[in-house]
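# Chain and residue survey
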Amino acid sequence: MTGINKAACIGGGVIGGGWIARFLLAGIDVDVFDPHPEASRIVGEVIANAEKAYAMLTGAPLPPHGRLTFCTTLEEAVAGADWIQESVPERLDLKRGVLTAIDAVARPDALIGSSTSGLLPTDLQRDMKHPERLFVAHPYNPVYLLPLVEIVGGEKTSAETIKAAMERLPPIGMKGVHIAKEIEAFVGDRLLEALWREALWLIHDDICTVETLDDVIRYSFGLRWAQMGLFQTYRIAGGEAGMRHFLAQFGPCLAWPWTKLTDVVDLDDALIEKIGQQSDEQAAGLSIRELERIRDENLVGILQALKGGDGGKGWGAGKLLKDFEQSLWAQGGGTTTSFDPSKPLRLVETKVSPAWVDYNGHMTEHRYLQVFGDTSDALLRLIGVDLAYVEAGQSYYTVETHIRHLGEAKLGQAIHSTCRILDVDDKRLHVFHTLHDTATGEALATAEHMLLHVDSKAGKVTPAPAVILDKVKAIGRAHAELAAPEGAGRHVGQRR
């Protein structure tokens, strides 16, 4: 088994909430235990941000949301879970106690990950009866967008546990990196700590403000790091001679007195107040939730850009996103394989997300086309034109579209689409989609499409194979018994 069927999250703060959103959006049921009185509100706000981000991140068909359950006890939350993620505050005694309690009641084959950003897994697993299944799974904020997870085992962690943890991350769009030896703060936080320590000295010595320092990062090497990291960036800096030339040229700088890295700045009240005041000025009145949404939108843009890198093959985190989308297309978002011939096919269920609305608060025009396109894709998957079929070199291409806007889809509104097959032959597929308000059944828009079956490698229209035609014609015969849908066959400007 390489997938997560049910997850438990112990702790629902910034990191725990991000894990919850990541699991839910991957279609995984999540049981949560967090005694904080406002845990449900905090987690709900994180999930709302994650849903908005995913609506911008990918057009691939996401699976139905997992079920979220808040439990009153830790024991209730972990029962039946095969991945348990602990995300309580960063105190060794607290984490060790929680993990030991989880270990006592969890399923024998459950994986137990800790979100610690620096504690050693050997210390965390000290009192566990089954320490071989405990590992560090250290993510980065926001967990639902940043895909990296540092996987670190302790002295008693089994190799099988590490392997299983690594295998279960790609299906939820994450990349596990195995840190070979446990060390405080692992790899990522050690790099960040070095930069953070130097940054504090620059502010302490009034070299610059916090905004200037952030500008130096985000307008220069931060953009390079997003795609190539550190060493590959410096390899390019070495020119045609590569990394060896770079090290020979700049290596001596390491001995120069440029840095205060080995000195620890005194975070006294004056420095804390200076940083706090400058940070307030930099935020310019934006709330934490507003800053999170801006961050997410920027990250989505960067990930989308990286997805198109290397001639469309994807680069860095963009390549991971591309691979994740391929798996989503292959799964088909849980499209049904059966249908009721007495009515149109109901194929897409969704909500109008904040990323879909215009300045009027209504769903913008191109999102209607997206939903109708998703409906066509769902129909194609139903008849066997799935990702494997397309990769083999054949598909249906839309060659004509007519959309009518009949009502207004508004922010947060639950909507669904239905599909009627009007006509089908060896090469053509004529369909009629309707977008409905799920609550009232009102038709909000319709779309009529003509699709042609093509050999994409040859670049020409070809007959569909019998295995596809048999399925689509069976649906077409059933739909032929239904009354013709209102609006079918109309052209632009034609009156009702």
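Residues numbered from 1 in each chain as written. Predicted model: local features only at pLDDT ≥ 70, side-chain atom pairs only at ≥ 80, totals over all residues. Heavy atoms only, no water.

### Things to note about the overall build of the protein chain
For clarity, the cut-off: Strands here are runs of E lasting at least two residues and helices are runs of H or I lasting at least four, both read from the DSSP assignment and numbered beginning at the N terminus. Only the protein chains shown count as cover for residues, and all accessible areas are computed by the Shrake-Rupley method using a 1.4 Å probe. Here Asp and Glu are counted as negative and Lys and Arg as positive; His is not counted, and neither are the chain ends. To locate a charge, take NZ of a lysine, CZ of an arginine, CG of an aspartate or CD of a glutamate.
Within the protein chain, the regular secondary structure consists of 16 helices and 14 strands. Referenced to the eigenvectors of the C-alpha coordinate spread, the extents of the protein chain come out at roughly 80 × 55 × 45 Å. Working note: accessible area of the protein chain is about 25,400 Å², and carbon and sulfur atoms make up 57% of it. Each charge class in the protein chain can be summarised by its mean position, and for the 50 positive and 66 negative side chains these summaries are 7 Å apart.

### Comments concerning the packing of aromatic side chains
Just so we agree on the cut-off: When the centres of two rings from Phe, Tyr and Trp lie within 6.5 Å, Trp using its six-membered ring, the rings pair. Their planes under 30 degrees apart give stacked, over 60 give edge-to-face, and anything left gives tilted. Three exposure classes are used, based on accessible area relative to the maximum for each residue type with a 1.4 Å probe and protein chains only: buried under 20%, partly exposed in between, and exposed over 50%.
Summed over the entire model, instances satisfying the criterion amount to six aromatic pairs. Measuring from centroid to centroid gives 6.4 Å for tryptophan 19 and tryptophan 83, while their planes differ by 40 degrees, and the two rings are tilted. Taken as a pair, tryptophan 19 in helix 1 (residues 14–25) and tryptophan 83 in strand 4 (residues 83–86) lie far apart in primary sequence, 64 residues in all. On the basis of relative accessible area, tryptophan 83 is assigned to the buried category, the value being 0%. Centroid distance tryptophan 83 to phenylalanine 135: 5.5 Å. Interplanar angle 80 degrees. Geometry classified as edge-to-face.

### A few points about the environment of threonine 350
Put simply, the rule reads: In what follows, a contact means two residues having at least one pair of non-hydrogen atoms within 4.5 Å.
As for its position among the elements, threonine 350 is in strand 9 (residues 345–351). On the basis of relative accessibility, which here comes to 27%, the residue threonine 350 falls in the partly exposed class. Residues threonine 350 and glycine 476, 126 residues apart in the sequence, show an inter-C-alpha distance of 25 Å. Ignoring any residue separated from it by four or fewer positions in sequence, one finds threonine 350 in contact with Trp356, Gln413, Ala414 and Ile415.

### So, unusual backbone geometry
The omega angle of the peptide bond from asparagine 141 to proline 142 is 5 degrees, so this bond is cis rather than trans. Assignment of secondary structure puts proline 142 in the loop between strand 6 (134–139) and strand 7 (148–153). Here aspartate 206, not a glycine, exhibits a phi torsion of approximately 60 degrees, which is positive. With respect to the element layout, aspartate 206 can be found in the loop between helix 7 (188–204) and helix 8 (210–228). Take aspartate 206: its relative accessible area is 58%, and that puts it in the exposed class.

### Some details on the packing of helix 7 against helix 8
Applicable threshold: The convention used is that axes are lines fitted to C-alpha atoms, helices contributing only their stretch in contact, and that angles between N-to-C directions extend from 0 to 180 degrees. In these notes the angle categories are as follows: under 35 degrees is roughly parallel, over 145 is roughly antiparallel, 65 to 115 is roughly perpendicular, and the rest is oblique. By convention the crossing between two helices is left-handed if the near helix lies anticlockwise of the far one by an angle smaller than a right angle, and right-handed if it lies clockwise. In this classification, the charged set is Asp, Glu, Lys and Arg, the nonpolar set is Ala, Val, Leu, Ile, Met, Phe, Trp, Tyr, Cys and Pro, and all remaining amino acids, among them Gly, are polar.
For the pair helix 7 and helix 8, the least separation of the axes is 10 Å and the interaxial angle reads 140 degrees. If you check the angle between helix 7 and helix 8, you find them oblique. Between helix 7 and helix 8 lies a crossing of right-handed hand. Taken together, the residues of helix 8 that come into contact with helix 7 (itself represented by Leu195, Ala199, Leu202 and Ile203) are Val210, Leu213 and Ile217. For the contact of helix 7 with helix 8, the class distribution of residues is seven nonpolar, no polar and no charged.

### A word on helix 2 (residues 39–57)
Inclusion rule: For a helix, the expected span equals 1.5 Å multiplied by the number of residues minus one.
Taking 1.5 Å of rise per residue, 19 residues should cover 27 Å, and helix 2 covers 26 Å from first to last C-alpha, within 8% of that figure. Among all positions of helix 2, only Ala39, Val43, Val46, Ile47, Asn49, Ala50, Lys52, Ala53, Tyr54, Ala55 and Leu57 are buried. On the buried face of helix 2, the contacting elements are helix 1, strand 3 (68–70), helix 12 (288–307), helix 13 (317–331) and helix 14 (365–382).

### A look at helix 7
Note: α-helices contain 3.6 residues per turn, so residues at a spacing of three or four share the same orientation. For helix 7, built from 17 residues, the straight-helix expectation of 24 Å at 1.5 Å per residue is met to within 8% by its first-to-last C-alpha distance of 24 Å. For helix 7, the complete set of buried residues consists of Gly188, Asp189, Glu198, Ala199, Leu200, Trp201 and Ile203. Structurally, helix 7 contributes buried residues whose contacts are with strand 6, strand 7, helix 8 and helix 11 (269–283). Aspartate 206 lies just past helix 7 and shows a positive phi near 60 degrees.

### Some details on the nonpolar core
Where we set the bar: For our purposes a nonpolar core is just a set of buried Ala, Val, Leu, Ile, Met, Phe, Trp, Tyr and Cys residues, chained together by side-chain atoms within 4.5 Å.
Formed by 38 residues in total, the largest nonpolar core has its most connected members in Phe23 and Trp83. Elements with a minimum of two residues in this core: strand 1 (6–10), helix 1, strand 2 (29–33), helix 2, strand 6, strand 7, helix 6 (159–168) and helix 12. Ranked by the residues each element gives to this core, the list is headed by helix 2, at seven residues. Sequence-distant contacts of phenylalanine 23, defined by excluding residues within four places in its chain, comprise Ile4, Ala7, Cys9, Ile28, Val30, Trp83 and Ile172. In this structure, Leu345, Val371, Leu429 and Ala464 belong to the second largest nonpolar core, which totals 36 residues.

### Examining the pattern of salt bridges
Under the convention used in this document: The salt bridge criterion pairs a side-chain nitrogen of Lys or Arg with a carboxyl oxygen of Asp or Glu, the two atoms within 4 Å.
Applying the stated criterion across every chain, the model contains 25 salt bridges. Note that lysine 52 is salt-bridged to glutamate 297, the shortest N-O span being 3.3 Å. With lysine 52 in helix 2 and glutamate 297 in helix 12, the pair connects residues that are 245 residues apart, well separated along the chain. Assessed through its relative accessible area of 16%, lysine 52 is described here as buried. Accessibility expressed as a relative area gives 37% for glutamate 297, which makes it partly exposed. A salt bridge links aspartate 426 to lysine 473; the nearest nitrogen and oxygen atoms lie 3.6 Å apart.

### A short note on the sheet that holds strand 5 (residues 111–114)
Cut-off, in case you're wondering: By the convention used here, strands pair only if DSSP detects at least 2 bridges between them.
In space, the eight strands of this open sheet follow the order 3-2-1-4-5-6-7-8, with mixed pairing throughout. Of all strands in the sheet, those bounded by a partner on one side alone are strand 3 and strand 8 (175–178). For this sheet, the mean angle separating the axes of adjacent strands, direction not counted, is 25 degrees. Bridge count for strand 1 against strand 2 is five bridges, and the pairing is parallel. From the neighbouring strand, alanine 7 faces strand 2, where its bridge partner is valine 30.

### Looking at the pairing of strand 1
With respect to burial, strand 1 is a largely interior element, four of its five residues being buried. Summarising the sheet, strand 1 and strand 4 pair through four bridges and their orientation is parallel. Within strand 4, the residue paired with cysteine 9 across the bridge is glutamine 85.

### Some details on the environment of aspartate 127
We apply this condition: Distance and chemistry together define a polar contact, namely a pair of N or O atoms within 3.5 Å, with one atom able to donate a hydrogen and the other to accept it when in protein, and with adjacent residues in sequence counting only for side-chain atoms on both sides.
By the element assignment, aspartate 127 lies in the loop between helix 5 (121–124) and strand 6. On the basis of relative accessibility, which here comes to 38%, the residue aspartate 127 falls in the partly exposed class. Sequence spacing of aspartate 127 and threonine 100 is 27 residues, and the spatial spacing of their C-alpha atoms is 6.2 Å. For aspartate 127, the side chain forms a polar contact with the side chain of arginine 126, separated by 2.9 Å.

The values reported here are purely geometric and, on their own, carry no functional implication.
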